[in-house]
Amino acid sequence: MSRITALAYRIFLQIARDRRTLVLIFLVPMLVMGLLTWLLRSEKQPFRAAVIVPDKGGAMMGDLLRELLVQNARVKIIAGITEPGINEALEDGRIQAAIVLRGADLEELKTGKRAELKVVLEGSDPMSSREFLQQLQRLQKPLLDTMRGLLSLSDENAQMLAPPELNLVFLYGGKDFGETDYFAPPVICFVAFFFVFIITAVSFLRERAQGTMERLLASPLSQFEIILGYLSGLLLFALAQTAVILFFVFYLLKIHYLGSIASVLVVEFIVVLGASNMGIFFSSFAKNEFQVAQFIPLVVLPQVLLSGMLWSLETMPKALQYIAYALPLTYANLALRNLMIKGFSLAQVLPELLALLAFALLMTAGSILTIRKFGAIN
Amino acid sequence: MADEAIVRLEGLKKRFGKIEALKGIDLEIPAGITYGLIGPNGSGKTTLIRILAGISRPSSGAAFVLGRPMPDRSVAASIGYMTQAEALYKDLTVEENLRFFGRIYGVSGALLRQRVDELLELVGLSDRRRSLVDEVSGGMRRRASLACALVHRPRLLFLDEPTAGVDPELRIQFWNYFKRLTTGGVSILVSTHHLDEAGRCDRLGLLREGELLKEGVPEELRREAQAETLEAAFLYFARRRSP
């Protein structure tokens, strides 16, 4: 018995002495649960839509539709968008969908003509598109009922009033784009980021622990060469990994994608550049492999929750969006989704690429500092 | 060049926070000899060697190696450095370790192959060259570690306690290697806390608590202290310094 307590006491001492573990044991669950609750409990940002009625006679039905959308569906009506301006407004994100109502003249409807409801969707987030369409379907019945009331049609004539014809147009994606198409791009860069970060952090840590770092520092290698050497060695595996994932995802899982594989690899390259330097930088805050493992919840979890991987940025509360825009994977996800779902060119995702590059440079500065520090302090 | 000092220290100080690890050391080491840095653990031997190897920066004063103030990467290729720890990649073979260290010093191709063969022969690891470092004995790792410090044919060798924790037989072997190297024109600075090894050095520096107590030829040191052994001489100089 006393032998068991000796062992238990020793383990208690060791964990109690490792302050970081203590902090993490209690802090990480709270951090994760807190973030999750915030994400799940907070009111989703409403879906932004415009309702455009080109012909005068349809104004009444248009107003009714807007009212129903605001009251019964979580939709925010954006005014001031005209039919020729729809694509522009969808592209710059002012709206996520536009509804164009045609042939809704009351007199014509009485004769049994059907109105046309053209819905133009931004479409890169299949889930919110689908949610919006479902809400729109649900509104058909109250819309018709109210119309019948307004037109004070007799029962017989009421049957004549047919639901409007629904006509879907997608700016990006399409009807057959699903969740997997939406999740594939972030998963691709998340895997590479995670893999490279952990491997670099652990191998750099080992370099220090086994004393080979001393030899490297005494050699003619410059700090820059050390970083470049690490990067090149890892890059081979990271890019090969990406290539395999892409092949698997595109050819075996049949994920929809537009754009070129080469541009996906360019984004991956910058992500890996940042991740490997982050690994070197963060390794200086870890004394052993165990402490590297502790980075996982701190570095990885917030990015999984907030980078737009699972929750689209647009639906997040504003405060969380600010945090999200401080995370590197947010930009990687934006860039890859634009490339793969919207078929953008690299030039069109330049802002995201620059943000990723800035992160990579920041981490490179950190890793150079880290390598210098080994010499100066030890 | 032979008569020029390969290492020159001028008022060399190193501080780590409040602790002063080196308290102003002046020293000149001539070329072509084996210089022994003697002192107990924590006396500043490793700190001094790390500064000379260009890894650590002096807090004040200066350390010159081959006439260049350290740290200076341009002399790195002339220095061979064997750390106290084995400092090898355990998941690589003995030969792969040697090749790696050779290549980061710019040795490659046929020359590298030839040097690796020679060195494996010298340290008696030819038949274990394809073994993972993880799988060979502690003594073999020590020998491999020494070989790694030699692949680029340095003029100068800094050895930080190469024989600490090494069995007597291998210790004798190591000192025989050192002898062969100095005969070949290599200058060696070796730190140790084994006083029985100190007698095999051409000159000695006695280091204690960051101060150079005494410096000179072993025989003279012993005579000056009127001591039978170097051990007694060390104690004599240590006592004289701190009354």
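Residues numbered from 1 in each chain as written. Chains lettered and ligands numbered in written order. Predicted model: local features only at pLDDT ≥ 70, side-chain atom pairs only at ≥ 80, totals over all residues. Heavy atoms only, no water.

## A few points about the overall build of chain B
The cut-off we apply is this: Strands are runs of DSSP state E lasting at least 2 residues, helices are runs of H or I lasting at least 4, and numbering of each runs from the N terminus. Atoms counted for the radius of gyration: C-alpha only. Globule rule: 2.2 Å times the number of residues to the power 0.38. Buried means the residue's accessible area, taken with a 1.4 Å probe over protein chains only, is under 20% of the maximum for its type, while exposed means over 50%, and partly exposed covers the values in between. By definition in these notes, contact holds between two residues if any of their heavy atoms fall within 4.5 Å. Here the open area of atoms and residues is found with the Shrake-Rupley method and a 1.4 Å probe, where only the protein chains shown may cover a residue. Lys and Arg are tallied as positive, Asp and Glu as negative. Neither His nor the chain termini are counted. All charge positions are set by atom: Lys at NZ, Arg at CZ, Asp at CG, Glu at CD.
Assigned secondary structure in chain B consists of 8 helices and 10 strands. The C-alpha radius of gyration of chain B comes to 18 Å, within 12% of the 18 Å expected for a compact globule of 243 residues. Along the three orthogonal principal directions, the C-alpha set of chain B runs to about 55 × 35 × 35 Å. Counting every position in chain B, which comprises 243 residues, the buried fraction comes to 56%. Within chain B, residue pairs in contact and separated by at least 24 positions form 67% of the contacts whose partners lie at least 6 positions apart. Surface exposure of chain B reaches about 11,000 Å², of which carbon and sulfur atoms provide 47%. Charge separation in chain B, taken as the distance between the mean sites of 36 positive and 32 negative side-chain charges, equals 4 Å.

## Details of the packing of aromatic side chains
As a reminder, the rule being used: Pairing of aromatic rings covers Phe, Tyr and the six-membered ring of Trp, with a centre-to-centre limit of 6.5 Å; geometry is then stacked below 30 degrees between planes, edge-to-face above 60, and tilted otherwise. Here, a charge over a ring is recorded when the distance from Lys NZ or Arg CZ to the ring centre is within 6 Å and its angle to the ring normal is within 35 degrees.
Under the criterion given, the structure shown has 20 aromatic pairs over all chains. On the numbers, 5.2 Å between centres and 75° between planes, the contact of Trp175(B) with Phe178(B) is edge-to-face. With Trp175(B) and Phe178(B) both in helix α5 (residues 168-183) and 3 residues apart, this pair spans about one turn of that helix. An identical accessibility class is assigned to Trp175(B) and Phe178(B); each is buried. Members of the aromatic cluster, joined through ring pairs, are Phe197(A), Phe281(A), Phe282(A), Phe285(A) and Phe295(A). We note Arg337(A) situated over the ring of Tyr182(A); from NZ or CZ to the ring centre the distance is 3.6 Å.

## Focus on the sheet that holds strand β5 (residues 165-170) of chain A
All names here are of chain A. As a reminder, the rule being used: In short, DSSP must find at least two bridges between two strands for them to pair. Only the stretch in contact is used when fitting a helix axis, every axis being a line fitted to C-alpha atoms; angles between N-to-C directions are given from 0 to 180 degrees.
If you trace the 5 strands from one edge of the open sheet to the other, you get β2-β1-β3-β4-β5, paired in mixed fashion. Pairing within the sheet leaves two strands with one partner each, and these edge strands are β2 (75-77) and β5. The average angle at which neighbouring strand axes cross in this sheet is 25°, direction not considered. Summarising the sheet, strand β4 (residues 116-121) and β5 pair through 6 bridges and their orientation is parallel. Its bridge partner lying in β5, Leu-121 is registered against Phe-170. Running over the sheet, helix α3 (residues 59-72) touches β1 (47-52), β2, β3 (97-102) and β4 and is turned about 140° from β2. Lying over the sheet, helix α6 (residues 126-151) contacts β1, β2, β3, β4 and β5, oriented at roughly 165° with respect to β4.

## A look at the interface of chain A and chain B
Much of the literature gives interface size as the accessible area that the parts lose upon coming together. Spelled out, the test is: Reported buried area values correspond to the accessible surface (1.4 Å probe) lost by two parts on association, with both partners' losses combined. Salt bridges are defined as contacts in which a side-chain nitrogen from Lys or Arg sits within 4 Å of a carboxyl oxygen from Asp or Glu. Here a polar contact is taken to be a pair of N or O atoms separated by no more than 3.5 Å, where protein atoms must pair a possible hydrogen donor with a possible acceptor and residues adjacent in sequence count only if both atoms sit in side chains.
Taken together, the contact between chain A and chain B spans 20 residues of the former and 27 residues of the latter. In this assembly, chain A packs against chain B so that about 1,800 Å² is buried in total across both faces, 51% of it on carbon and sulfur atoms. If you look at where chain A meets chain B, you find 2 salt bridges. Measuring nitrogen to oxygen at the nearest pair gives 2.5 Å for the salt bridge that ties Arg50(B) to Glu214(A). Applying the counting rule to chain A against chain B returns 10 residue pairs in polar contact (both at pLDDT 80 or more). Those elements giving two or more residues to the side of chain A that touches chain B turn out to be α8 (179-209), α9 (212-218) and α15 (350-377) of chain A. Counting residues per element, the side of chain A that touches chain B draws most heavily on α9(A), which supplies 6 residues.

## Concerning the nonpolar core
Applicable threshold: By nonpolar core we mean a set of buried residues, namely Ala, Val, Leu, Ile, Met, Phe, Trp, Tyr and Cys, connected to one another through side-chain atoms within 4.5 Å.
In terms of nonpolar packing, the biggest core is built from 94 residues, with Leu9(B), Leu52(B), Val65(B) and Phe158(B) touching the most fellow members. When residues of this core are assigned to their parent elements, the largest contribution, 6 residues, is made by α5(B). In contact with Leu52(B), not counting residues within four places along its chain, are Val7(B), Leu9(B), Ala63(B), Val65(B), Met70(B), Ile79(B), Phe158(B) and Leu189(B). Phe190(A), Ile198(A), Phe295(A) and Leu339(A) belong to the second-largest nonpolar core, a separate cluster that totals 50 residues.

## Some remarks on a nonpolar patch on the surface
All names here are of chain A. Selection criterion: Each patch is built from residues lacking any salt bridge and having more than 30% relative accessible area; the joining distance is 9 Å for like charges and 5 Å for nonpolar side chains (Val, Leu, Ile, Met, Phe, Trp, Tyr).
On the surface, Leu-7, Ile-11, Ile-15, Val-23, Ile-25, Phe-26, Leu-27 and Met-30 cluster together into a nonpolar patch covering about 750 Å² of accessible area. Where the nonpolar patch is concerned, the elements lending two or more residues are α1 (2-17) and α2 (19-41). Per-element tally for the nonpolar patch: the top contributor is α2, with 5 residues. Relative to the elements of secondary structure, Val-23 occurs in helix α2. Residue class for Val-23 comes out partly exposed when judged on its relative accessible area of 45%.

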